[in-house]
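A structural walkthrough
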Protein chains: 2
Amino acid sequence: MAALRIAACQLNPTVGDIEGNVDSIVEQLHAQAAAGAQLVVFGELAISGYPPEDLLLKRAFTDACDGGLARVVAATRQHPGLVAVLGACEQVDALRRYNTAVFCRDGAIVARHRKRLLPNYAVFDEHRWFDEGDVAVPVVDVQGVRVAAVVCEDVWFKEGPVAEAANGGADLVVVVNGSPYVRGRLDDRVEICAARVREAGVPMVYVNQVGGQDELIFDGGSFALQADGSLAALGPQMVEYSTVIDFEDGQLRGDVAPRLSALDEVYDALVLATRDYVDKNGFNEVAVSLSGGIDSSLVSAIAVDALGADRVHVVALPSRYSSAGSVEDAEKLARNFGIDFSVIPIEPAHAAFLEMFVPHFEGRPPDLAEENLQSRIRGVVMMALSNKLGWAPILTCGNKSESAVGYSTLYGDTAGGFAVIRDVPKLLVYALARRRNERAGYDAIPAAVLEKAPSAELRPDQRDDQSLPPYEVLDPILEMYVEEDASVADIVAAGFDDATVRRVVQLVDRSEYKRRQTPLGPRITDKAFGRDRRVPITNRFTG
Amino acid sequence: MAALRIAACQLNPTVGDIEGNVDSIVEQLHAQAAAGAQLVVFGELAISGYPPEDLLLKRAFTDACDGGLARVVAATRQHPGLVAVLGACEQVDALRRYNTAVFCRDGAIVARHRKRLLPNYAVFDEHRWFDEGDVAVPVVDVQGVRVAAVVCEDVWFKEGPVAEAANGGADLVVVVNGSPYVRGRLDDRVEICAARVREAGVPMVYVNQVGGQDELIFDGGSFALQADGSLAALGPQMVEYSTVIDFEDGQLRGDVAPRLSALDEVYDALVLATRDYVDKNGFNEVAVSLSGGIDSSLVSAIAVDALGADRVHVVALPSRYSSAGSVEDAEKLARNFGIDFSVIPIEPAHAAFLEMFVPHFEGRPPDLAEENLQSRIRGVVMMALSNKLGWAPILTCGNKSESAVGYSTLYGDTAGGFAVIRDVPKLLVYALARRRNERAGYDAIPAAVLEKAPSAELRPDQRDDQSLPPYEVLDPILEMYVEEDASVADIVAAGFDDATVRRVVQLVDRSEYKRRQTPLGPRITDKAFGRDRRVPITNRFTG
């Protein structure tokens, strides 16, 4: 068997930007060929970006993707013998469509593998868009090395296409992926693939895409495994990168990038998601309603790390119930990060509304209506600034714990375009903020923000723990109920108070209508609210 | 072959209300048995209500459904020989779950059919929740008649389970369904089923559920077809009803309910959807922000027809730009329908906000920011009334044409819990309003509302046609682009102006983020915004 130089190109495509995505692919193809690569591998549906969702139902879209693929194929003509493998939508006729890995060489498509296993759980809807692959895994001779390609989910189950490729005589299997991030998923991928290569006795090169796409983050971290399952190469996480891997005498050899720590991985994923949402949607400057609390402080930090201080505006919107400390903390944070800071007291609108309501609210004591009013006034102000000054999107600051139990005001603090920490439980919010300060080497997020008791400050002396269990209790209950679909009985059996569990579960169930109207945000857990958890609003089951 | 009396019971279950659903089933079982029925047929997933979505992923839920099914099975003990057929979730083990039709007799389950064809397109995600049926279609002897049962999608394709049932010796096929409404779908169902029975040479009884469930409406209209495809019986649309059908000498015989006209069908579907959303979610009184325009007038009429005048509040929220005629028209409508009417001018809050914005907006001319501001103030007022007085949900009034092109203010007129006419194009809004007046026998919706030029009244002399093409042009473009996934080229080829088509398509694409944050509403077309159309927000493809 000859030696082979492989480039594993983890690119950051933009869904629907077919020309731009093809430009990047062709550019890498030329660059890697110039550096001696003979096999250049890209991600899943690399032409369209992954996942294009119902755009796939438009014939104009799949035709445009075909045009993009033709450009990549043509580019291989300049590098005789070089093989490019990439994912592309294959629209066969009006009825049949496949998620395909394409081998291109010398200006022609020389082989195709149609994805067999179509994930249709969690965030995936692939049976909606694709037919199951119905042809044998092809094995292509690349400079004397017999190479097979499969697609993403194809490697997740035993006795699947990887084993078939090995039985078909493959010396090497390449996997093209659009595998979305959740905490620790890279370890899962390596473990699963190690099992596959050990079963099949064939080494593997796994190429993932990178970048944010609506709710999904793709974390890169492409890798290569020897036939015994050991790690031969690893690309960096959260950035575009092409990892060069040499294959000789059945062994793979390449650089192993350092792994991010568990906290840095989440933080950097949120930064990537935020940057890509803003940039890919063509936005410029963003804004955050900065209360001086932990959530909006963390979101502001992420925004600065994603976009640079020049592109971030923060606004303090104190009401009659806001503490002086909150505005001071907000101002201090803005100064630390070097971002534009405004203060707009909401009292004039607040007073005007209360006066308007007098004839309608007469004789009724203050309650949630008056609390929500303040939050909604803030929403109106932020949206007016957004409309007038072009600050968009407004980044919202609700965390997963609040989102779960509905501890938020619809059209108030939830008003905006991107919910940066929507999938981050409150305890993790604290950990990320502390870690951000560690990385900065000082309290960029002021110590007071980390130390004070959480409060919405919508009535005098309000504190979160007047309405909710402490987050040390709430977060693990939510993890069991939301992420693990555990029942009340299961959670109580795990040691939590029955009444508390029932109250939390009821709050989660009753808040579904709110979550449906809040902006999307990046997924970092095993089950995020959004496309990952599809429960009815109209539902009387609880348990 | 003996004679057989069949009851086709189209019930209105509530998703997750297992006890309540089983109560209704058992009650019908006893009532129909008392009336001589020997075969009693219910809908798909009748225990849980359809579709229960990700509740199916909770073991506590499927266990509870099993408990509900056991109650139905036990109830058959009281009617020796009677067979009940109903849809139920069949959780076999941790990994396998089927959408099953169950035959119950004499206190036991005597046969099961596992749904073969799992729809995973449009609003359906059944591959997410179920495995494909893997056993032969059972044929059960019911008083000497050999009866087979299949489930919904099983009848939509040739050479499927219906043919198999006939080959297996069935004299009659029953179909349990949760088939959601769109305009004219009943005709489609009858046509498709007629093709199936003609192919298989076997008569059919088709039982659908009825009622609103989040975005979906189930329209009932259960029916029976002779083996030659001719209609033998038809249940009424949009109401709970049990149709009695006699089967003798291979012929079915029952009542044929009158069909609703095309307009009445849509109107009654919206009424049903609104009533069920409100009642099944445990709400009491609803509110509408009534502008005096056609959309909010129609929504108010639907609300009254759904809930009764006592449960509907309408509020006029005039700004400095509202015409006097608008408030008069609103008041007149409220008087005609006998509903509670309030006027809350928004000027005080409007003036307060404008003053607050002076330092921030200085030197910038009035634009969309000031227009949206008024709409958002109205949203704040409606939500405050909702929070304080318990008026919930707020019914929102955006139509499909506006929703498509983003002609709405997020957190303003879109603020609320149920978007009654979200899937109704503007021209159909007019037709439904005219028809409502026809049915009333007078202009309950004032004639002026139907006659004036559409306007948002957010600046002096504003009219919709300053921002949008006339609805006679816009609506057909939208139908092609949204419902048919036609390309710009296709639409231009159909005779529309190129620049207009491009502008409309761009507006649709750019408004996706707005639609994701608006309340759900009932689906009446072949492709509604919501679960029916899953396009990315981050997307650069247009065409």
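Residues numbered from 1 in each chain as written. Chains lettered and ligands numbered in written order. Predicted model: local features only at pLDDT ≥ 70, side-chain atom pairs only at ≥ 80, totals over all residues. Heavy atoms only, no water.

Of the regular secondary structure elements, chain A holds 17 helices and 20 strands. Taken over C-alpha atoms, the radius of gyration comes to 26 Å for chain A, in line with the 24 Å a tight globule of 543 residues would show. Counting only C-alpha atoms, chain A reaches 85 × 50 × 50 Å along its principal axes. Looking at chain A residue by residue over its 543 residues, the buried ones come to 64%. In chain A, the proportion of contacts linking residues at least 24 apart, taken out of those at least 6 apart, comes to 73%. If you sum the accessible surface of chain A, you get close to 18,200 Å²; carbon and sulfur atoms cover 50% of it. Charge centroids of chain A, computed over 54 positive and 78 negative side chains, lie 3 Å from each other. (Helix = DSSP H or I, 4+ residues; strand = E, 2+ residues; numbered from the N terminus. Rg over C-alpha atoms; globule rule 2.2 N^0.38 Å. Buried < 20%, exposed > 50% of the residue type's maximum accessible area, 1.4 Å probe, protein only. Contact = heavy atoms within 4.5 Å. Areas by Shrake-Rupley, 256 points an atom, 1.4 Å probe, with all protein chains shown as cover. Lys, Arg positive; Asp, Glu negative; His and termini not counted. Charge placed at Lys NZ, Arg CZ, Asp CG, Glu CD.)

Residues and elements named next belong to chain A. Domain assignment breaks chain A into domain 1 (4–250) and domain 2 (264–464). Computed from C-alpha coordinates alone, the two centres of domain 1 and domain 2 are separated by 40 Å. Contacts between the two partners involve 15 residues from domain 1, matched on the other side by 11 residues from domain 2. Both sides together, the interface formed by domain 1 and domain 2 hides about 1,000 Å², and carbon and sulfur atoms give 59% of it. Across the contact surface, domain 1 and domain 2 share 8 residue pairs in polar contact (both at pLDDT 80 or more). Every element with two or more residues in the side of domain 1 that touches domain 2 is listed here: β10 (210–213) and β11 (216–219). Looking at the side of domain 1 that touches domain 2, its residues break down into 7 nonpolar, 6 polar and 2 charged. (Domains from an automatic or database assignment. Buried area = accessible area lost by both parts, 1.4 Å probe. Polar contact = N/O pair within 3.5 Å; in protein donor to acceptor, adjacent residues only side chain to side chain. Nonpolar A, V, L, I, M, F, W, Y, C, P; charged D, E, K, R; others polar.)

Before going further, it helps to examine the sheet that holds strand β17 (residues 312–316) of chain A. Residue and element names in this part refer to chain A. Strand order in this open sheet of 5 strands is β18-β17-β16-β19-β20, and the pairing throughout is parallel. A strand with exactly one partner marks an edge of an open sheet, and here the two such strands are β18 (340–343) and β20 (418–419). Relative to strand β19 (residues 391–396), strand β16 (residues 285–289) is paired through 3 bridges, and the arrangement is parallel. Along β19, the bridge assignment pairs Ala287 with Ile394. (Pairing = 2+ DSSP bridges.)

What follows deals with the packing of helix α7 (residues 294–307) of chain B against helix α12 (residues 426–440) of chain B. Residues and elements named next belong to chain B. Direction vectors running N to C along α7 and α12 enclose 50°, while the axes themselves pass 10 Å from each other. In terms of axis orientation, α7 runs oblique to α12. Helix-helix and strand crossings are classified by hand; for α7 and α12 the assignment is left-handed. Contacts between α7 and α12 involve Ile294, Asp295, Leu298, Ala301 and Asp305 from the former and Lys426, Val429, Tyr430, Leu432, Ala433 and Arg436 from the latter. (Axes fitted to C-alpha atoms, helices over the stretch in contact; angles between N-to-C directions. Parallel < 35°, antiparallel > 145°, perpendicular 65-115°, else oblique. Left-handed = near helix turned anticlockwise from the far one by under 90°.)

In this section: helix α6 (residues 262–280) of chain A. All names here are of chain A. In this model α6 runs 27 Å from its N-terminal to its C-terminal C-alpha over 19 residues, within 8% of the 27 Å that 1.5 Å per residue would give. Most of α6 sits inside the fold, with 15 of its 19 residues counted as buried. Positive phi appears at Gly282, one or two residues downstream of α6, with a value of about 75°. (Expected span 1.5 Å × (residues − 1).)

We now examine unusual backbone geometry. The omega torsion across A:Tyr50 and A:Pro51 is -5°, close enough to zero to call that bond cis. Relative to the helices and strands, A:Pro51 resides in the loop between β2 (39–41) and α2 (59–75).

Checked against the element boundaries, A:Lys332 lands in helix α8 (residues 324–337). Taking the C-alpha atoms as reference, A:Lys332 lies 15 Å from A:Val299; in sequence the two are 33 residues apart.

This next bit is on the interface of chain A and chain B. Each partner contributes residues to the interface: chain A has 85 residues there, and chain B has 85 residues. For the pair chain A and chain B, the summed buried area comes to about 7,100 Å², and 59% of that belongs to carbon and sulfur atoms. Where chain A touches chain B, the interface holds 10 salt bridges. Of the charged contacts in the structure, one is a salt bridge between A:Asp125 and B:Arg534, with a shortest N-O distance of 3.5 Å. The interface formed by chain A and chain B includes 41 residue pairs in polar contact (both at pLDDT 80 or more). Secondary-structure elements contributing two or more residues to the side of chain A that touches chain B are α2, α3 (126–129), α6, α9 (347–361) and α10 (368–389) of chain A. Considered class by class, the residues forming the side of chain A that touches chain B number 44 nonpolar, 19 polar and 22 charged. (Salt bridge = Lys/Arg side-chain N within 4 Å of Asp/Glu carboxyl O.)

All names here are of chain B. Ordered in space as β6-β7-β8-β9-β12-β13, the 6 strands form an open sheet in which the pairing is mixed. Edge positions in the sheet fall to β6 (139–142) and β13 (231–234), since each of these pairs with one other strand and no more. On average, each strand axis in the sheet is inclined to that of its neighbour by 20°, with strand direction left out of account.

All names here are of chain A. Remark: α9 packs on α10, axes separated minimally by 11 Å, with the N-to-C direction vectors making an angle of 140°. The angle between α9 and α10 places the two elements in the oblique class. Seen from above, α9 lies across α10 with right-handed handedness. Contact with α9, carried on its side by Ala349, His350, Phe353, Leu354, Phe357 and Phe361, involves Glu370, Leu373, Gln374 and Ile377 of α10 and no other residues of that element. Across the contact of α9 with α10, the residue classes tally to 7 nonpolar, 2 polar and 1 charged.

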